[in-house]
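Chain and residue survey
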Amino acid sequence: MSAQDQSPNQPTPNQTQNLSQDPVSAQTQNLSQDPVSAQTQSSVNNLANQASGGVEGVTSSRQPNQSQNQLPATPQQVGQQPAQPTASKQANLVAKTALTSAIQAPVVQIPATQASATQTPATQITTSPPVAATQTISSQQQQQEQPQQEQPQQEQPKFTEQDLVGLSPFLKVLVKKNSLDLQRAEEINSAQLSSGRLIEELLTENKDVTEEQLVRAKAEFNNTPFIKIGETGISPEALSRIDESVARRYKVLPFSLDHQNGILEVAMVDPLNVAAANFIEKKSGLDLKTYYALPSELDRLINQRYAQDLSSDVSQAIKETTTISTKKDQGAKLAQKGGMIRAAPINKIVNTILDYAMESRASDVHIEPQQTKTRIRYRIDGVLQERLILPKSVHDAVISRIKILSELKIDEKRVPQDGRFDHSSNNKAVDLRVSTCPTIHGEKVVMRLLKKNAGVPGLRELGVRGLALKSVEKTMHIPYGIILVTGPTGSGKTTTLYSILNEINIPQVNIITLEDPVEYQMKGVSQVQVNPQAGLTFANGLRSFLRQDPNIIMVGEIRDEETAELAVQASLTGHLVFSTLHTNSAAGALPRLMDMGVEPFLLSSSIILTMGQRVVRKINEEYKEEYQPEKAVIDDIRNVLGQKLDMWCQQNNKDPNDLTLFRAKEDRPQTESEFKGMIGIFEVMDITDKIKKLIDERATSDKIEKAATENGMMLMKQDGYIKALEGITTIEEVIRVAEVK
């Protein structure tokens, strides 16, 4: 605001008294009792009288040791031309400069308690503004201050720097990261001074911090990066640069190699070990970039990576591929690419990737291009794990090889493609469903492994038991109706349907399935693959099936209104129909079908059973231990299971007041994983007369589920908790996959 726009009027005593009721003015009024403050107040008011406009409340500061010749702001900041002050005007110029700077700065209101504690009359001087100027500027200040009031206040630290005085620098890092309590840090600091033992030794002995908290604090203290090596892919090229004996001796694991800059990235227990770093640099001929890593992860991965053939085989194949590529000049790239696709090293890389997938019981393989590398991930027991890193130079050749096996167009990279091929290893065969997708860094490939000639698991093997098993076995022999299995993608719905079909597959019935894709090949069953490009959709196929004289029909998924209505009509005309639906619970299937447009009276007449399911990982049976859970966990189990807990305890001769859970041992061999295998958790809902009435009333899924539980239905989470009490899985696994009510 310019000086011409401001009112020259000075405040009267009454106006000044009114302004003092403002919090800031009220605080500064107390400070004006000091002689220095009063003197400066007078100087500032004189400057305001000489100016042509009023100003808002101003707070200026001067350091005690600041001389009178030092200016708080430059002339450019004040908005005036530079000029040399005379000796008689220096004091006024200082006050005027501070006044103008304060006008440009936002006003900060300080609580009275803080002002009295932190400000002194000698360092904080506040003036009362003229009334006219205050009224003119107040609206602008409110607009500027409004966003600041909406921002949440930052949480005040529980300690100050003064509280940390006397602690060792490393303990200060742990306290600041909230990894260690201040009181406990002081105790450890005193124990270290009296005993002379290492702080890390004291922390580890009493388990005051976790392994990860300790290593992360060391990384921050030594200004060295930290890496979760267990979640990082390992480059076979990098692994081949350090011998296994060296890796074990120095607790080091190479995971990435930068050819362009000649840098080898390694994870170490002690990156500050200069002797080890120099030795590795000399052996590898590369510069090292070191990272802190968890010792337990390093031990496990060193055993795992150097013991398995995956990295070594791929490393050798990459070397051979590099040799082939160097024989061609840059002008023959196209011919070279064709040669690489057919070259034995590329075949070996693809075969090794697939062989490892079969050995590790993976259900999917992801080949993902990155900016400078290609990442290979495997879905093992439902969780993706990064296991291999390939150089970007071989990515196109690997993808093209997979396309050739899948009979896809190798020159088409702009649109997704789907295909399949077979692969055999160690007298085992799998059928691979291949899907390609163009990304910004190249084509991504996902391969689903489907076991060939594998027996269909029974319902008990899947984890269905008790009243749920009895309900399924009773319902699947009804000659007509709809049985639905619900759950998210990857929850094992199709496998459950295969198990039911396998139970009722006899020569006296005609079973037809419509699937996308056909995952299991069953003898005596007519299985049809959906082909949308040829016009064979779920709806069209189901319409045609009715002319094939079927007894039992399985539709892979109900996706739209047309398929849902056809399934209902098929069930009402005397067919037993099985299908899947993407809902979160068994009760949620009914409102979902009504949302698709199916009339409630048709649903209540056709639906005979709905199932909801998830899959959880099973604890490694060979390395399992029993432990006493915390009270909060026990309370949660009691709350979820209710009376079912007492029934389970009676059936298994367990004491309800002495419940135990199971987990994988921490001292298991490094090559052994925490989980091995998967099992389902289920909820099975019979469509009783009460539930049929609720369907006709278009009741919500919550009301339908409540009626089903009153009839004895066990929820998925309850089934999971029972399996955790029996030592099959863990509570954490159940919570991870089951819906929390």
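If you're wondering where the values come from, they're calculated on a predicted model, not measured in any experiment.

The helix and strand tally for the protein stands at 32 helices and 20 strands. Within the protein, the fraction of its 741 residues that count as buried is 45%. Across the protein, contacts joining residues at least 24 apart in sequence account for 65% of those joining residues at least 6 apart. Carbon and sulfur atoms make up 47% of the accessible area of the protein, which totals about 39,700 Å².

Before going further, it helps to spend a moment on the nonpolar core. Among the nonpolar cores identified, the biggest contains 40 residues, and Leu 593, Met 685 and Ile 691 are the most heavily contacted of them. Here Met 685 is in contact with Ala 586, Ala 587, Leu 590, Leu 609, Thr 610, Ile 691, Ile 704, Ala 708 and Met 713, once residues within four sequence places are set aside. One finds Ile 346, Leu 354, Met 358 and Val 430 within the second-largest nonpolar core, a separate group that totals 29 residues.

Let us look at the sheet that holds strand 12 (residues 481-486). Spatial strand order, 14-13-15-16-12-17-20: seven strands in an open sheet with mixed pairing. Two strands bound the open sheet, and with one partner strand each, they are strand 14 (526-529) and strand 20 (675-686). Neighbour-to-neighbour, the strand axes of this sheet turn through a mean angle of 20 degrees, independent of strand direction. Where strand 13 (residues 511-515) meets strand 15 (residues 552-555), four bridges bridge the pair, whose relative direction is parallel. Of the residues in strand 15, the one forming a bridge with Leu 514 is Val 555.

The grouping of Asp 560, Glu 561, Glu 565 and Glu 599 at the surface amounts to a negative patch. Along the chain, Glu 565 falls in helix 24 (residues 561-572). Residue Glu 565 is classed as partly exposed on the basis of its relative accessible area, which comes to 35%.

Strand order in this open sheet of six strands is 8-7-6-11-10-9, and the pairing throughout is antiparallel. Because the sheet does not close on itself, it has two edges, and the strands there are strand 8 (383-391) and strand 9 (417-425). Taken over all neighbouring pairs, the strand axes of this sheet differ in orientation by 20 degrees on average, direction set aside. Here ten bridges tie strand 10 (residues 428-439) to strand 11 (residues 442-451), and the two strands are oriented antiparallel to one another. When the bridges of strand 11 are listed, Arg 433 appears paired with Arg 448. Taken strand by strand, helix 18 (residues 344-359) contacts strand 6 (362-369), strand 7 (373-380), strand 8, strand 9, strand 10 and strand 11, and its axis lies near 75 degrees from that of strand 9.

Glancing now at the side chain of Thr 513. In this fold, Thr 513 is placed in strand 13. A distance of 2.6 Å separates polar atoms of two side chains, one belonging to Thr 513 and the other to Glu 515. If we ignore the near neighbours within four places in the chain, the residues touching Thr 513 are Leu 501, Val 525, Ser 526, Gln 527, Val 528, Phe 545 and Met 554.

Here strand 9 shows a buried face lined by Gln 417, Gly 419, Phe 421, His 423 and Ser 425 and an unburied face lined by Asp 418, Arg 420, Asp 422 and Ser 424. Bridging between strand 9 and strand 10 involves nine bridges; their strand directions are antiparallel. In the sheet register, Ser 425 faces strand 10, and the bridge partner there is Lys 428.

The final tally for this structure, using the stated rule, is 32 salt bridges. With a shortest N-O distance of 3.0 Å, Arg 197 and Glu 201 are connected by a salt bridge. The class for Arg 197 is partly exposed, based on a relative accessible area of 26%. Judged by its relative accessible area of 39%, Glu 201 falls in the partly exposed class. Measuring nitrogen to oxygen at the nearest pair gives 2.6 Å for the salt bridge that ties Arg 448 to Asp 364. Of this pair, Arg 448 sits in strand 11 while Asp 364 sits in strand 6, and the two are 84 residues apart along the sequence. For Asp 364, a relative accessible area of 6% corresponds to the buried category. Look at the salt bridges and you will find they share partners, linking Glu 368, Arg 375, Arg 377, Glu 386 and Lys 444 into a network.

For the coordinates displayed, the defined rule picks out four aromatic pairs. A centroid spacing of 5.4 Å and a plane angle of 65 degrees characterise the contact between Phe 255 and Tyr 291, whose relative ring orientation is edge-to-face. Remark: Tyr 291 occurs in strand 5 (residues 287-292) and Phe 255 occurs in strand 3 (residues 252-258); sequence separation between them is 36 residues. Note on Tyr 291: relative accessible area 10%, which makes it buried. Seen in terms of ring centroids, Tyr 356 and Tyr 378 are 5.0 Å apart; in terms of plane orientation they differ by 70 degrees. Their pairing is edge-to-face. Here the residue Tyr 356 occupies a position in helix 18, and Tyr 378 occupies one in strand 7, the gap between them amounting to 22 residues. Residue Tyr 356 is classed as buried on the basis of its relative accessible area of 10%. The residue whose ring lies beneath Lys 624 is Phe 662, and the NZ or CZ to ring-centre distance is 5.4 Å. Residue placement shows Arg 663 over the ring face of Tyr 627; its charged tip is 4.2 Å from the ring centre.

Another point: unusual backbone geometry. Backbone geometry places Arg 361, a non-glycine residue, at a positive phi of 60 degrees. Turning to its location among the elements, Arg 361 is positioned in the loop between helix 18 and strand 6. Of note in this structure, Asp 549 is not a glycine but carries a positive phi near 50 degrees. For Asp 549, a relative accessible area of 65% puts it in the exposed group.

Attention now moves to the confidence of the model for the protein. Averaged over every residue, the pLDDT of the protein is 77; residues scoring 70 or more account for 72%. Segment residues 326-339: pLDDT under 50, and four contacts once partners within four positions in sequence are set aside and those in other chains are kept.

Their axes nearest at 10 Å, the elements helix 29 (residues 689-696) and helix 30 (residues 701-710) cross at an angle of 175 degrees. Here helix 29 lies roughly antiparallel to helix 30, going by the angle between them. Between helix 29, through Lys 690, Ile 691 and Leu 694, and helix 30, the contact on the second element is made entirely by Lys 703, Ile 704, Ala 707, Ala 708 and Glu 710. Residues that form the contact of helix 29 with helix 30 fall into these classes: five nonpolar, no polar and three charged.

The rules behind these values
- Residues numbered from 1 in each chain as written.
- Predicted model: local features only at pLDDT ≥ 70, side-chain atom pairs only at ≥ 80, totals over all residues.
- Heavy atoms only, no water.
- Helix = DSSP H or I, 4+ residues; strand = E, 2+ residues; numbered from the N terminus.
- Buried < 20%, exposed > 50% of the residue type's maximum accessible area, 1.4 Å probe, protein only.
- Contact = heavy atoms within 4.5 Å.
- Areas by Shrake-Rupley, 256 points an atom, 1.4 Å probe, with all protein chains shown as cover.
- Core = buried A, V, L, I, M, F, W, Y, C linked by side-chain atoms within 4.5 Å.
- Pairing = 2+ DSSP bridges.
- Axes fitted to C-alpha atoms, helices over the stretch in contact; angles between N-to-C directions.
- Patch = residues over 30% accessible without salt bridge, like charges linked within 9 Å, V, L, I, M, F, W, Y side chains within 5 Å.
- Salt bridge = Lys/Arg side-chain N within 4 Å of Asp/Glu carboxyl O.
- Lys, Arg positive; Asp, Glu negative; His and termini not counted.
- Charge placed at Lys NZ, Arg CZ, Asp CG, Glu CD.
- Polar contact = N/O pair within 3.5 Å; in protein donor to acceptor, adjacent residues only side chain to side chain.
- Phe/Tyr/Trp six-rings, centres within 6.5 Å; stacked < 30°, edge-to-face > 60°.
- Lys NZ or Arg CZ within 6 Å of the ring centre and 35° of its normal.
- pLDDT = per-residue confidence, 0-100.
- Parallel < 35°, antiparallel > 145°, perpendicular 65-115°, else oblique.
- Nonpolar A, V, L, I, M, F, W, Y, C, P; charged D, E, K, R; others polar.

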